[in-house]
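# An overview of the molecular structure
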Protein chains: 2
Amino acid sequence: MMKKLQITAQQIMQAALNIAAEKGAGKVTLDAVAKASGLSKGGLLYHFPSKEALISAMVQHLLDDAEKNRCSLAESESSVLVSLLKARRVFTQAVAGNTAMAILAAAAEHPTLLQPIQQHNKKVLAEVLSDPATELETMLLMLASEGLIFQELLSISPFSEAQKTTLEQYMINRAQELTT
Amino acid sequence: MMKKLQITAQQIMQAALNIAAEKGAGKVTLDAVAKASGLSKGGLLYHFPSKEALISAMVQHLLDDAEKNRCSLAESESSVLVSLLKARRVFTQAVAGNTAMAILAAAAEHPTLLQPIQQHNKKVLAEVLSDPATELETMLLMLASEGLIFQELLSISPFSEAQKTTLEQYMINRAQELTT
DNA sequence: AAAACTGTACCGACCAGATGGTACAGTTAT
DNA sequence: ATAACTGTACCATCTGGTCGGTACAGTTTT
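Residues numbered from 1 in each chain as written. Chains lettered and ligands numbered in written order. Predicted model: local features only at pLDDT ≥ 70, side-chain atom pairs only at ≥ 80, totals over all residues. Heavy atoms only, no water.

### Focus: the side chain of B:Ser157
Mapped onto the elements of the fold, B:Ser157 is located in the loop between α8 (135-153) and α9 (161-179). When sequence neighbours within four positions are dropped, the list of residues in contact with B:Ser157 reads A:Gln118, B:Gln151, B:Glu152 and B:Lys164. (Helix = DSSP H or I, 4+ residues; strand = E, 2+ residues; numbered from the N terminus. Contact = heavy atoms within 4.5 Å.)

Printed below as a string of structure tokens:
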């Protein structure tokens, strides 16, 4: 049988993301998300039993996305670090400016929700440090990549588009040199 | 005799910072801040006519602090970049983990409040790029420094203390090499 | 096959507590 | 006295969340 038009979890998360991007992270309330996703509050809370659950799912989703992206790039790249840097570029473009700021801010209310991000970071770090000889240089490039992400996320980057592009290329070059 | 005004403003901001650090950014409410700073809500709103004003002041204060710190270090350092990196170390230690997370999250509700941070970043960038020959390397180190700050701010750093210390030293060394 | 039942997806009214903010009367310092 | 300051009481609004109920597809019982 044909399923009725059901609002999926993904649609709800997308709606929440949109609200965050358009009106700021503080405006991501259950009422607002419900309305934006075409549900009543009751219906929304049927899918996500609490706001915390919603935000947690959003964080997880974002992380999964980033990871998937990175893995698909990793196949065509020799170095883990290079794929990480390239994935970052795609990532920040996808979340364009402030889409994911929501998650940061909302998660800040429940700092525990940021834990998966730390775990993810740890995993990536371990992977990237497979060659201990270039440890410091590698960590430096990872950090710079993080810096770029956060500046973009919060829209506080002092760099021009041109500078960012040049920087990205420079970082990738450096990373490639490490493996040669 | 002694005017209490200035002291009080600072005390209030400190109280707000403490709440953020202890209970999370979302718990920084006017009631909570008033109680923590030992005055009533009326008193609090006398000093800061709105919550936005309070947060704005906190952001400004933090920036001023960082700037003052950096300037005092700049006197004893040859390179602007080196002093920036050293200032960062002091900064993250001072705000210890999540003290300033408050500002990030609270400001996310009013994204405009983050603007001074961007301006500050731009100013620093311009200053640091006084030597255009090493532009890319300089920006890379700046970015890595930012990355370190944000990871610390949100408590999502994957690095061990030892790794962080080593990294810091490595970055400073690199910065010093740039000027020689 | 009709009736009874079950589970999923959803709605809308409602609630207790929190929140930012106001009004205003009282107190203190100069 | 008067300006600077503080405290109490209060309010409109919002927030996350509960709850009873509905529609309806599929399943089981009779």
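### Structural notes on the interface of chain B and chain A
Between chain B and chain A, the contact holds 40 residues from the first and 40 residues from the second. Interface of chain B and chain A: buried area, both sides summed, is about 3,700 Å²; carbon and sulfur atoms make up 77% of it. Considering only the surface of chain B that becomes buried against chain A, B:Leu140, B:Leu143 and B:Ile156 emerge as the three largest contributors, covering 18% of it. For the interface between chain B and chain A, the tally reads two salt bridges. As a salt-bridge pair, A:Glu137 and B:Arg174 come within 2.3 Å of each other at their nearest N and O atoms. For the pair chain B and chain A, the number of links is ten residue pairs in polar contact (both at pLDDT 80 or more). (Buried area = accessible area lost by both parts, 1.4 Å probe. Salt bridge = Lys/Arg side-chain N within 4 Å of Asp/Glu carboxyl O. Polar contact = N/O pair within 3.5 Å; in protein donor to acceptor, adjacent residues only side chain to side chain.)

### Looking at unusual backbone geometry
All names here are of chain A. In this model, serine 155 sits at a positive phi of 55°, which is unusual for a non-glycine residue. Structurally, the position occupied by serine 155 is in the loop between α8 (135-153) and α9 (161-179). Judged by its relative accessible area of 42%, serine 155 falls in the partly exposed class. (Buried < 20%, exposed > 50% of the residue type's maximum accessible area, 1.4 Å probe, protein only.)

### Quick look at the environment of A:Leu104
Mapped onto the elements of the fold, A:Leu104 is located in helix α6 (residues 101-109). You can call A:Leu104 buried: its relative accessible area is 12%. C-alpha separation for the pair A:Leu104 and A:Thr165, spaced 61 residues apart in sequence, amounts to 25 Å. In contact with A:Leu104, not counting residues within four places along its chain, are A:Leu114, A:Phe150, A:Leu153, A:Leu154 and B:Leu154.

### Some details on empty space enclosed by the protein
All names here are of chain B. Taken as a whole and judged by the stated rule, the model has three cavities of 30 Å³ or more. Here the largest cavity defines a volume of roughly 490 Å³. Together, 24 residues line the largest cavity, and Phe91, His120, Asn121, Glu146 and Ile149 are the ones closest to its centre. When residues of the lining of the largest cavity are traced back to their parent elements, those giving at least two are α4 (51-75), α5 (80-94), α6 (101-109), α7 (115-128) and α8. Here the residues of the lining of the largest cavity sort into 17 nonpolar, three polar and four charged. (1 Å grid on protein atoms, 1.4 Å probe; cavity = no way out; pocket = protein on both sides within 12 Å on 5 of 7 lines; lining within 4 Å. Points joined across faces, edges and corners; volume = space filled by probe spheres on them. Nonpolar A, V, L, I, M, F, W, Y, C, P; charged D, E, K, R; others polar.)

### Description of the pattern of salt bridges
Residues and elements named next belong to chain A. Tallied over the entire structure, the rule returns 20 salt bridges over all chains. Between arginine 70 and glutamate 67 there is a salt bridge, with its nearest N and O atoms 2.9 Å apart. Residue arginine 70 and its partner glutamate 67 are located together in helix α4 (residues 51-75), separated by three residues, close to a single helical turn. An identical accessibility class is assigned to arginine 70 and glutamate 67; each is buried. Members of the salt-bridge network, linked through shared partners, are Glu67, Arg70, Lys123 and Glu127.

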